[in-house]
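Observations on the three-dimensional arrangement
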Amino acid sequence: MATNFKFIIIGRGMMGAAAARHLAKQTDGVAVIGPDEPENRQTHQGVFGSHYDEGRITRTIDPNDDWALLANRSIARYAEIERDSGIRFYSPVGCLVVGPKRGGTDGYIANVEAAADRLGVDIELLGDAGLKAQFPFFAFAGGSEGVYERTGAGHISPRRLVKAQSLLAEKAGATVIKDVVTSVREEGGVAVVTTAEGRTYRAEKAMIATGGFSIAQNLLATPVEMKVFGRTITFFEVSEADAMALATMPSLITKDPEDEDSIYLLPPIRYPDGKFYVKIGGDPDDMAMGSDAELRSWFRTDGRQPVREHLERIMGDIVPDLKPLSISTSSCVTSFAPSGYPMIGYTSSPHIAVMTGCNGTSAKSSDEIGRLGAELLFEGRIKDDGYHTDFSAHFRS
């Protein structure tokens, strides 16, 4: 059976666009299929991407060695991607991680410190007085301690990162197809990809990189085994003057002893509407998504009101002097693989693979995850021996 391409990447998000770039640098015959961002998410009936945003935290420190390597390798290539694409997506404003002081029952900060030591990352350890002096706009509970990563950390624009990766993939010869894939099957020793617009493409190999939508019932012959949760994020609009006054605010991660009040927070970022927003996330509970239809319906909403109220309370505690001009919410999803790592592996067919399962922490690491996905397709396996995990894929029985 004749093929249109050697390799097709299905999904034009952070990992899919990265895989397309890395593949196109090595070979011809690469295509990446995925729709553009919808103009109106409330009325959009198609699929969505969680990268439709301007802020994701990036940091090199992770208590898990494999996640740390994924992050460090990706961050090391940010400058190259920005330079070659001409698109700036990385803001190295630093990252502050705060939790209960070391020496108690909660070992979170001690684990972060140990990870920084293993990785050779320069950090500052700050107690109550140091946190107050260096970050006067924050207010933390007494008995807190912070790990401040001043360099090599901050935040990225996932929207602009995807744009940069897609541009570089095209420059390297990849074909970008703006469509939605509805199924991938092996027929006659090739991967056959069918789209919502009724088109069929054939390739020697195809890879699913569709985030939470990887659980769609008919996408694969056997769906991936993955938990997907709906998340609510809250935006606090601030004036340009206030944004400038908070110019030294780093990205923030806080660890609550009971986890219910653990959050992440990004400093004021200018969004496409020209306004500045401080963004906070951290649902106190999980809302499971079980189908493609549920995901589409969820993305058309503004999230959950109880989560908004929860995050408003925490924002009031942590940034008590913030004077928001408006408060709004939006929805996204996080996907969790059984292994706790991204799934980068083949299905029962040697012609069809998956690369999915962000585990709520893959945005910063997406370029390296995409590189490993490209290696899997091009070499037939992940040859890189720098990782302890095998990134195995799991499928429903």
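My aim in this report is to walk through the structure given alongside it, one point at a time. (Residues numbered from 1 in each chain as written. Predicted model: local features only at pLDDT ≥ 70, side-chain atom pairs only at ≥ 80, totals over all residues. Heavy atoms only, no water.)

Before going further, it helps to examine the overall build of the chain. Within the chain one finds ten helices and 20 strands. Against the 2.2 N^0.38 benchmark of 21 Å for 397 residues, the chain shows a C-alpha radius of gyration of 21 Å, consistent with a compact globule. Its C-alpha atoms put the chain at 70 × 45 × 45 Å along the principal axes. Looking at the chain as a whole, 55% of its 397 residues are labelled buried. Once local pairs closer than 6 in sequence are excluded, the contacts in the chain between residues at least 24 apart make up 73%. Counting only carbon and sulfur atoms, one obtains 49% of the accessible surface of the chain, whose full area is about 16,300 Å². The positive charge centre, built from 42 side chains, and the negative charge centre, built from 53, are 4 Å apart in the chain. (Helix = DSSP H or I, 4+ residues; strand = E, 2+ residues; numbered from the N terminus. Rg over C-alpha atoms; globule rule 2.2 N^0.38 Å. Buried < 20%, exposed > 50% of the residue type's maximum accessible area, 1.4 Å probe, protein only. Contact = heavy atoms within 4.5 Å. Areas by Shrake-Rupley, 256 points an atom, 1.4 Å probe, with all protein chains shown as cover. Lys, Arg positive; Asp, Glu negative; His and termini not counted. Charge placed at Lys NZ, Arg CZ, Asp CG, Glu CD.)

Below, the discussion takes up unusual backbone geometry. Look at D259: it is not a glycine, yet its phi comes out positive at around 75°. A positive phi angle, near 55°, is found at N359, a position not held by glycine. Among the secondary structure elements, N359 is positioned in the loop between β20 (352–356) and α10 (366–379).

Tracing the backbone through its elements, the reader meets E170 in helix α6 (residues 158–171). For the pair formed by E170 and A24, sequence separation is 146 residues and the distance between their alpha carbons is 8.0 Å.

As a further point, take the packing of aromatic side chains. Enumeration over the complete set of coordinates arrives at 18 aromatic pairs. Relative to F89, the ring of Y78 lies with its centre 5.5 Å away and its plane at 80°, an arrangement referred to as edge-to-face. One end of the pair, Y78, is in helix α3 (residues 78–85); the other, F89, is in the loop between α3 and β4 (90–91), with eleven residues separating them in the sequence. Classification of F89 by relative accessible area gives buried; the value is 1%. The structure contains a cluster of three or more aromatic residues connected by ring pairs, namely F135, F137, F138, F140 and Y148. (Phe/Tyr/Trp six-rings, centres within 6.5 Å; stacked < 30°, edge-to-face > 60°.)

Here we come to helix α2 (residues 65–76). For α2, spanning twelve residues, the distance from its first C-alpha to its last is 16 Å, which sits close to the expected 16 Å at 1.5 Å a residue. Among all positions in α2, only D66, W67, A68, L70, A71, S74 and I75 are buried. In the core, the buried residues of α2 are packed alongside β3 (56–58), α3, α4 (108–119) and α10. Capping the start of α2 is the job of one residue whose side-chain oxygen sits 2.9 Å from the backbone nitrogen of D66: N64. (Expected span 1.5 Å × (residues − 1). Polar contact = N/O pair within 3.5 Å; in protein donor to acceptor, adjacent residues only side chain to side chain.)

Here the focus is α4. Counted at 1.5 Å a residue, the expected span for α4 with its twelve residues is 16 Å, and the 17 Å between its end C-alpha atoms agrees. The complete set of buried residues in α4 reads I109, V112, A115 and A116. The arc that holds every buried residue of α4, seen down its axis, measures 120°, which confines them to one face. Buried residues along α4 sit against β5 (95–100), β6 (124–126) and β7 (144–149). Downstream of α4 by a residue or two, G120 has a phi angle that is positive, lying close to 70°. (Arc of directions from axis to C-beta.)

By the element assignment, T222 lies in the loop between β12 (200–208) and β13 (227–238). In this structure the C-alpha to C-alpha distance between T222 and E37, which are 185 residues apart in sequence, comes to 28 Å. Sequence-distant contacts of T222, defined by excluding residues within four places in its chain, comprise F395 and R396.

Turning to the packing of α3 against α6, a few remarks are in order. Their axes nearest at 9 Å, the elements α3 and α6 cross at an angle of 65°. The two elements α3 and α6 meet at a crossing, and its hand is left-handed. Across the interface between the two elements, I81, D84 and S85 from α3 touch A164, Q165, L167, L168 and K171 from α6. (Axes fitted to C-alpha atoms, helices over the stretch in contact; angles between N-to-C directions. Left-handed = near helix turned anticlockwise from the far one by under 90°.)

Now for the sheet that holds strand β8 (residues 154–156). Across the sheet, which stays open at both edges, the three strands sit in the order β3-β8-β4 with antiparallel pairing between neighbours. One side of each edge strand has no neighbouring strand; the edge strands of this open sheet are β3 and β4. The pairing of β3 with β8 spans three bridges and is classified as antiparallel. Bridging across to β8, I57 finds its partner in H155. (Pairing = 2+ DSSP bridges.)

Quick look at the side chain of D62 now. If you trace the backbone, D62 turns up in the loop between β3 and α2. Of the side chains bearing the opposite charge, R59 lies closest to the buried D62, which forms no salt bridge; the N-O distance is 4.5 Å. At 2.8 Å, the side chain of D62 forms a polar contact with the backbone nitrogen of N64. Excluding its chain neighbours within four sequence positions, the residues that come into contact with D62 are W67, A68, A115, R118 and L119. (Salt bridge = Lys/Arg side-chain N within 4 Å of Asp/Glu carboxyl O.)

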